[in-house]
Amino acid sequence: MSGESDCTRTSPSAGSPSDTELLPDRPKYVCTLSPDLVTKAREELQEKPEWRLRDVQALRDMVCKDYPSLGTCLDDAFLLRFLRARKFDYDRALQLLVNYHTCRRTWPEVFSNLKPSAIKPVLESGFVTVLPHRDPQGRHVVCIRPDRWTPSNYPITENIRAIYLTLEKLIQSEETQVNGIVILADYKGVSLSKASHFGPFVAKKVIGILQDGFPIRIKAVNIINEPRIFKGIFAIIKPFLKEKIANRFFLHGCDLNSLHQNIPPVILPEEYGGTAGKLDISAWNELLLASEEDFLHDFSELVLPCDSSPHDLLVSGDADEKQCDDSLRGMKPQLYYCY
């Protein structure tokens, strides 16, 4: 994705997909969905194959008209991610695209020099990985293990960078764009000291990205081995969650049978009562590290038009930061109580 907007290379008033196809440097979209997924996308996402390129062109025109300085990629395949994530609602897809870039612009600690090689220590720790097999609904399972993080080694933002790159890699697949993903978070061994790093300031930013700033469908969040301290963590997170997402959280404690009702044992590693062998992080690490070229594009120089006012999903400014610090101080007694 180039930092220079494709709007400088095509007319915002282009009225048909054929106008776009004249551009030699824009790859032609080829659908990779199976017939079953085409049907699923039609039923669940309102995606009509016969109108697909028309819808993409409509979104492209809106970007060029309303946000000519966005500096975004305008390829068919890229814009389709945002349309699918918002069920082909043009306005909501446009807002998601602007939010996506706003997130990158306003959190340099996470998005500067964002590439797999830069977060290799996090990958090697096993903090985040993707299970090798999809679930029966065709969804990848992202496994997050906070106990693998040692705060003295690197800040929490490195973990967020690793999760973000994992999602970026997954969303390249059209199958994932349609089916979504499932998260499995193992909170075994999470202490009060670790929990204190994830205050409202960080929580609001992360939740803002996952809910409103990234084109991925999170279908379920399964929490396992959560200690009492998790009540305090969830109290920090919940105010920022939309009701639909909050209802997709499942707390299983140490009950593997409960987990298996959501994720079948056949795709789970032995560590979670599954039959898929020991948890192996090497395959995903190798795949992500081999994708270095996919993450060379820098969005940190994004400058939005002065007359635009996208929803600011991220906390910015001294006033907001102070407000979140005050909230964190209010939460700490609750964290200690739960611990």
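Residues numbered from 1 in each chain as written. Predicted model: local features only at pLDDT ≥ 70, side-chain atom pairs only at ≥ 80, totals over all residues. Heavy atoms only, no water.

1. Considering the packing of aromatic side chains
The relation between two aromatic rings is expressed through the spacing of the ring centres and the mutual angle of the planes. Definition in use: Only Phe, Tyr and Trp rings are paired, with Trp represented by its six-membered ring, and only when their centres lie within 6.5 Å; those with planes under 30 degrees apart are stacked, over 60 edge-to-face, the remainder tilted. Helix and strand definitions here come from DSSP, where helices need a minimum of 4 consecutive H or I residues and strands a minimum of 2 consecutive E residues; each element is numbered from the N-terminal end. Think of it in three bands: with a 1.4 Å probe and only protein chains considered, a residue is buried below 20% of the maximum accessible area for its type, exposed above 50%, and partly exposed in between. To sit over a ring, a charge needs its Lys NZ or Arg CZ within 6 Å of the ring centre and within 35 degrees of the ring normal.
Under the definition given, this model contains 7 aromatic pairs. Centre to centre, the rings of Y164 and F214 are 5.1 Å apart; their planes meet at 75 degrees, and the pair counts as edge-to-face. Placement of the pair is Y164 in helix α8 (residues 156-170) and F214 in the loop between α11 (200-212) and β4 (218-224), with a sequence separation of 50 residues. Accessibility expressed as a relative area gives 4% for Y164, which makes it buried. An aromatic cluster is built from F78, F82, Y100, F111, Y164 and F214, whose rings are joined through pairwise contacts. Its end group placed over the ring of W51, R54 keeps NZ or CZ at 4.5 Å from the ring centre.

2. With respect to unusual backbone geometry
With phi around 50 degrees, K87 is a residue other than glycine that occupies positive phi space. With respect to the helices and strands, K87 occurs in the loop between α4 (76-85) and α5 (90-106). Classification of K87 as partly exposed rests on a relative accessible area of 43%. One non-glycine residue, N113, lies in positive phi territory at about 55 degrees. On the secondary structure map, N113 appears in the loop between α6 (108-111) and α7 (120-125).

3. Focus on the sheet that holds strand β2 (residues 140-144)
For clarity, the threshold we go by: Strand pairing is assigned whenever DSSP identifies at least 2 bridges connecting the two strands. Axes here refer to lines fitted to C-alpha atoms; in helices the fit is confined to the stretch in contact. Angles between the N-to-C directions go from 0 to 180 degrees. In this description, contact between two residues means that some pair of their heavy atoms is separated by no more than 4.5 Å.
Strand order in the open sheet formed by 5 strands is β1-β2-β3-β4-β5, and the pairing between neighbours is mixed. At either end of the open sheet lies a strand with only one pairing partner, and these are β1 (128-130) and β5 (249-251). Pairwise comparison of adjacent strand axes, ignoring direction, gives a mean angle of 20 degrees for this sheet. In the sheet, β2 pairs with strand β3 (residues 181-186) via 5 bridges, with the strands oriented parallel. Looking across to β3, one finds that H140 is bridged to I181. In the packing of α8 onto the sheet, contacts are made with β1, β2 and β3, and the angle to β1 comes to roughly 15 degrees.

4. Overview of α11
An α-helical segment advances 3.6 residues per turn. Residues three or four places apart therefore align on the same side. Let me state the cut-off plainly: Helix span, expected: 1.5 Å multiplied by one less than the number of residues in the helix.
For α11, which comprises 13 residues, the first-to-last C-alpha distance of 17 Å matches the rise-based estimate of 18 Å (1.5 Å per residue) to within 8%. Among the 13 residues in α11, 10 count as buried, and that is most of the element. P200, V202, A203, K205, V206, I207, G208, I209, Q211 and D212 are the residues of α11 that are buried.

5. With respect to the confidence of the model for the protein
Convention followed: You can read pLDDT as the predictor saying how much it trusts each residue, on a scale of 0 to 100.
Looking at the protein, the pLDDT average stands at 84 and 80% of residues meet or exceed 70. Considering only residues more than four positions removed or in separate chains, one finds that residues 9-24, a stretch of pLDDT under 50, has 19 contacts. The model gives residues 298-339 a pLDDT under 50, and that stretch makes 67 contacts with residues more than four places away or in other chains.

6. As for the pattern of salt bridges
As a reminder of what qualifies: The term salt bridge refers to a side-chain nitrogen of Lys or Arg lying within 4 Å of a carboxyl oxygen of Asp or Glu.
This structure, assessed with the given rule, holds 13 salt bridges. A salt bridge links R42 to E50, with the nearest nitrogen and oxygen atoms 3.3 Å apart. On the basis of relative accessible area, R42 is assigned to the partly exposed category, the value being 36%. Among the ionic pairs, R134 bridges to E175, the shortest N-O distance being 3.6 Å. Here R134, found in the loop between β1 and β2, pairs with E175, found in helix α9 (residues 174-179); they are 41 residues apart in sequence, far enough to count as distant. The exposure class of R134 is partly exposed, given its relative accessible area of 23%. By relative accessible area, E175 is classed as partly exposed at 30%.

7. Let's talk about the pairing of β2
Extensive coverage of β2 is indicated by the burial of 5 of its 5 residues. Residues H140, V142 and I144 of β2 are buried on one face, and the alternating residues V141 and C143, pointing to the opposite face, are buried as well. Where β1 and β2 come together, 3 bridges link them in antiparallel fashion. Note on β2: the bridge partner recorded for T129 is C143.

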